[in-house]
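Letter by letter, the chains look like this.
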Amino acid sequence: ASSKAWSWASKLLGLSKNALKDLLCVQKQRFPGSEEVIPKRLNSHKASVNRDSIAKDLYVEVFNWLIKKINASINSFTKVSESKMRVEGTPSVGVLDIFGFESFDR
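This one's a predicted model, so the numbers in the text were calculated from it and none came from an experiment. (Residues numbered from 1 in each chain as written. Predicted model: local features only at pLDDT ≥ 70, side-chain atom pairs only at ≥ 80, totals over all residues. Heavy atoms only, no water.)

1. Quick notes on the packing of helix 1 (residues 3–13) against helix 2 (residues 17–25)
When two helices pack together, their arrangement is given by the angle between their axes and by how far apart the axes lie.
So, point 1. It is at 9 Å that the axes of helix 1 and helix 2 come closest, and there the two elements cross at 95 degrees. Classified by the angle their axes make, helix 1 and helix 2 are roughly perpendicular. Seen from helix 1, the contacting residues are Ser 3, Trp 6, Ser 7, Ala 9, Ser 10 and Leu 13; seen from helix 2, they are Lys 17, Leu 20, Lys 21, Leu 24 and Cys 25. (Axes fitted to C-alpha atoms, helices over the stretch in contact; angles between N-to-C directions. Helix = DSSP H or I, 4+ residues; strand = E, 2+ residues; numbered from the N terminus. Parallel < 35°, antiparallel > 145°, perpendicular 65-115°, else oblique. Contact = heavy atoms within 4.5 Å.)

Set out below in structure tokens:
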């Protein structure tokens, strides 16, 4: 990746460029009975797997944050239950997308 991409991504994540590079490209190994940490550079495939894993985790966290904000907004307006199966006041959001309707309860 370019230096500009590293700078941009590290700024968004609140990390230094070196910390982000280590997070994505270095595996730290500790052997039983030893306190020594041995860094091992990852090949491009394994670094890509790390990148994709971090992206997925970030997406999940942002999605959960968004659902909580929407639920807080909905609950501030009404306490009426949409379903007899749901406990009144329990936050929920329904999302309709290309694959159909999904309900997310938190």
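2. Description of the packing of aromatic side chains
So, point 1. All chains considered together, the criterion is met by one aromatic pair.
So, point 2. Aromatic pair Tyr 59 and Phe 63: ring centres 6.4 Å apart, planes at 15 degrees, arrangement stacked. With a gap of four residues between them, Tyr 59 and Phe 63 both fall in helix 3 (residues 44–77), about one helical turn apart.
So, point 3. Phe 63 sits in the partly exposed class, given a relative accessible area of 24%. (Phe/Tyr/Trp six-rings, centres within 6.5 Å; stacked < 30°, edge-to-face > 60°. Buried < 20%, exposed > 50% of the residue type's maximum accessible area, 1.4 Å probe, protein only.)

3. Section: helix 2
So, point 1. Among the residues of helix 2, those classed as buried are Leu 20, Leu 24 and Cys 25. For helix 2, the arc enclosing every buried residue in end-on projection is 105 degrees, short of the 170-degree limit, so these residues lie on one face. (Arc of directions from axis to C-beta.)

4. Here's the deal with the nonpolar core
So, point 1. Counting five residues, the largest nonpolar core consists of Trp 6, Leu 20, Leu 24, Cys 25 and Ala 47.
So, point 2. In terms of residues, this core owes the most to one element, helix 2, which gives three residues.
So, point 3. Once you skip the residues sitting within four places of it in the chain, Trp 6 turns out to touch Ala 1, Lys 17, Leu 20, Lys 21, Leu 24 and Cys 25. (Core = buried A, V, L, I, M, F, W, Y, C linked by side-chain atoms within 4.5 Å.)

5. Topic: the pattern of salt bridges
So, point 1. This structure, assessed with the given rule, holds one salt bridge.
So, point 2. Arg 51 is paired through a salt bridge with Asp 52; the nearest N and O atoms lie 2.9 Å apart. (Salt bridge = Lys/Arg side-chain N within 4 Å of Asp/Glu carboxyl O.)

6. Points about the pairing of strand 2 (residues 37–41)
So, point 1. Inspection of the sheet shows strand 1 (residues 26–30) paired to strand 2 by five bridges, in the antiparallel sense. Bridge pairing links Gln 27 to Lys 40 in strand 2.
So, point 2. Two successive antiparallel strands, strand 1 and strand 2, enclose a turn made up of six residues, where Gly 33 displays a positive phi of approximately 80 degrees. (Pairing = 2+ DSSP bridges.)

7. A few points about the side chain of Ser 10
So, point 1. Assignment of secondary structure puts Ser 10 in helix 1.
So, point 2. Those residues in contact with Ser 10, other than ones at most four positions away along the chain, are Leu 15, Ser 16, Lys 17 and Leu 20.

8. Things to note about the confidence of the model for the chain
So, point 1. Per-residue pLDDT for the chain has a mean of 78; in total, 70% of the residues score no lower than 70.
So, point 2. Per-element confidence in the chain is highest for helix 2, whose mean pLDDT is 91, and lowest for strand 4 (residues 100–105), whose mean pLDDT is 56.
So, point 3. Across residues 83–87, confidence stays below pLDDT 50; counting only partners more than four residues off in sequence or on other chains, it has four contacts. (pLDDT = per-residue confidence, 0-100.)

9. Section: a nonpolar patch on the surface
So, point 1. Taken together, the side chains of Trp 8, Leu 12, Leu 13, Leu 15, Leu 23 and Leu 58 make up a nonpolar region of the molecular surface, amounting to roughly 590 Å² of accessible area.
So, point 2. Position of Leu 58 relative to the elements: it lies in helix 3.
So, point 3. With a relative accessible area of 39%, Leu 58 lands in the partly exposed category. (Patch = residues over 30% accessible without salt bridge, like charges linked within 9 Å, V, L, I, M, F, W, Y side chains within 5 Å. Areas by Shrake-Rupley, 256 points an atom, 1.4 Å probe, with all protein chains shown as cover.)

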